[in-house]
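This is what each chain is made of:
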Amino acid sequence: MMEVKPHRHPGVFVVHVGGRVSLATRSMVKGQSVYGEKTVQFDDDEYRIWAPRKSKLAAALHKGLERMPIREGVNVLYLGAASGTTVSHVSDIVGATGTVYAVEFSARIARELVQLARTRDNIVPIVADARHPVRYAPIVSDNIEVVYQDVAQPDQASILNDNMQEFCCEGAYGMIAIKARSIDSVIDSRHVFDREVGALRGYGLNVIETINLHPLEKDHLFAVVRIGEENG
């Protein structure tokens, strides 16, 4: 027997099949499996299984993420989009009234992202370096409400801050998967996390939540930040 229930975060669902529980999003494009993920039919909708070992955002949700600013109608700037695995689920969540500006540095990897965007009108693929937001600013036509970052660079906090300063207003959120080994391959990852979280605060960002993604993702800390004071 299968059952699909809404997750506590709008746009995310919980699928129960034969004793197995999985996260999922309601597919914008029926019949489309983006990266080989399983799909299930329930009532008149199709749901795409969202495995926590395939997506750092799914891993954070699996580990109890409290603040999930990505929801229907939101405009998201996604840094480090790769071929579009997590981007596709974010696309499902924001729906037809939201937009995902998906930035990927590698032109080779971005080919699959561009293919994905051809089937989803709410994805705008951008082949660019996330360290230089001013270069792709003309493409980002909306006010960005959430900057999501998953990049393998040593200056991760700086990249998030620069993009939020370029595209966001007071109250906007940032979500970042901090990759300790991309910052320092030698020292303990906990020290790297402390340093990066300190850097985020030093830029004036309000760090409202952190989650260590172990064991789903090794040496990764997921953080949610906001411009301005937290009002609950």
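Summarised in this report is the structure supplied together with it. Since the model is a prediction, treat every value here as computed from it, not as a measurement. (Residues numbered from 1 in each chain as written. Predicted model: local features only at pLDDT ≥ 70, side-chain atom pairs only at ≥ 80, totals over all residues. Heavy atoms only, no water.)

### As for the overall build of the protein
For step 1, the next point in the chain: Assigned secondary structure in the protein consists of 7 helices and 12 strands.
For step 2, the next point in the chain: The C-alpha radius of gyration of the protein comes to 17 Å, within 12% of the 17 Å expected for a compact globule of 232 residues.
For step 3, the next point in the chain: Once the C-alpha set of the protein is aligned to its principal axes, its extents read approximately 50 × 40 × 40 Å.
For step 4, the next point in the chain: Relative to its full complement of 232 residues, the protein shows a buried share of 53%.
For step 5, the next point in the chain: Within the protein, contacts between residues at least 6 apart in sequence are counted, and of these 60% link residues at least 24 apart.
For step 6, the next point in the chain: Surface accessibility of the protein: about 10800 Å² in total, with carbon and sulfur atoms responsible for 48%.
For step 7, the next point in the chain: On the protein, the mean spot of the 26 positive side-chain charges and the mean spot of the 29 negative ones are 6 Å from each other. (Helix = DSSP H or I, 4+ residues; strand = E, 2+ residues; numbered from the N terminus. Rg over C-alpha atoms; globule rule 2.2 N^0.38 Å. Buried < 20%, exposed > 50% of the residue type's maximum accessible area, 1.4 Å probe, protein only. Contact = heavy atoms within 4.5 Å. Areas by Shrake-Rupley, 256 points an atom, 1.4 Å probe, with all protein chains shown as cover. Lys, Arg positive; Asp, Glu negative; His and termini not counted. Charge placed at Lys NZ, Arg CZ, Asp CG, Glu CD.)

### Some details on the environment of Q32
For step 1, the next point in the chain: Position of Q32 relative to the elements: it lies in the loop between strand 3 (20–26) and strand 4 (39–42).
For step 2, the next point in the chain: Residue classification places Q32 among the buried residues on the basis of a relative accessible area of 14%.
For step 3, the next point in the chain: In sequence terms Q32 and I176 are 144 residues apart; their C-alpha atoms lie 27 Å from each other.
For step 4, the next point in the chain: In this structure, Q32 is in contact with S27, E37, T39, E46, R48, L116, T119 and R120, ignoring residues within four places of it in sequence.
For step 5, the next point in the chain: Of the polar contacts made by the side chain of Q32, one reaches the side chain of R120; its length is 3.0 Å. (Polar contact = N/O pair within 3.5 Å; in protein donor to acceptor, adjacent residues only side chain to side chain.)

### Describing the environment of I176
For step 1, the next point in the chain: For I176, the position within the fold is in strand 10 (residues 173–179).
For step 2, the next point in the chain: Discounting chain neighbours no more than four positions away, the residues touching I176 are Q149, Q156, L160, L200, L221, F222 and A223.

### What about the sheet that holds strand 2 (residues 13–17)?
Either a parallel or an antiparallel arrangement is found when strands of a sheet pair, and the pairing is made through backbone hydrogen bonds.
For step 1, the next point in the chain: An order of 1-2-3-5-4 is seen for the 5 strands of this open sheet, with the pairing classed as antiparallel. With partners counted over all chains shown, the strands left at the sheet margins are strand 1 (2–6) and strand 4, one partner each. Averaged over all adjacent pairs, the angle separating strand axes in this sheet is 35°, with direction ignored.
For step 2, the next point in the chain: Direction of pairing for strand 2 relative to strand 3: antiparallel, over a ladder of 5 bridges. Its bridge partner being in strand 3, H16 is matched across the sheet by V21. (Pairing = 2+ DSSP bridges. Axes fitted to C-alpha atoms, helices over the stretch in contact; angles between N-to-C directions.)

### Here's the deal with the pattern of salt bridges
For step 1, the next point in the chain: On inspection of all chains with the given rule, the structure shows 11 salt bridges.
For step 2, the next point in the chain: Between E3 and K5 there is a salt bridge, with the nearest N and O atoms lying 3.9 Å from each other.
For step 3, the next point in the chain: Among the residues examined, E3 registers a relative accessible area of 33% and is labelled partly exposed.
For step 4, the next point in the chain: For K5, a relative accessible area of 41% gives the class partly exposed. (Salt bridge = Lys/Arg side-chain N within 4 Å of Asp/Glu carboxyl O.)

### Quick look at the side chain of S88
For step 1, the next point in the chain: Secondary-structure assignment places S88 in helix 2 (residues 85–94).
For step 2, the next point in the chain: Only 2.7 Å separates the side chain of S88 from the side chain of R48, close enough to count as a polar contact.
For step 3, the next point in the chain: Among all residues touching S88, those that are not within four sequence positions of it are V34, Y35, R48, L116 and R120.

### So, the pairing of strand 2
For step 1, the next point in the chain: Pairing of strand 1 with strand 2 involves 5 bridges; the strand directions are antiparallel. Bridging across to strand 2, K5 finds its partner in V14.
For step 2, the next point in the chain: Remark: 2 residues form the turn of the hairpin made by strand 2 and strand 3, two consecutive strands paired antiparallel; G18 in that turn has positive phi of roughly 50°.

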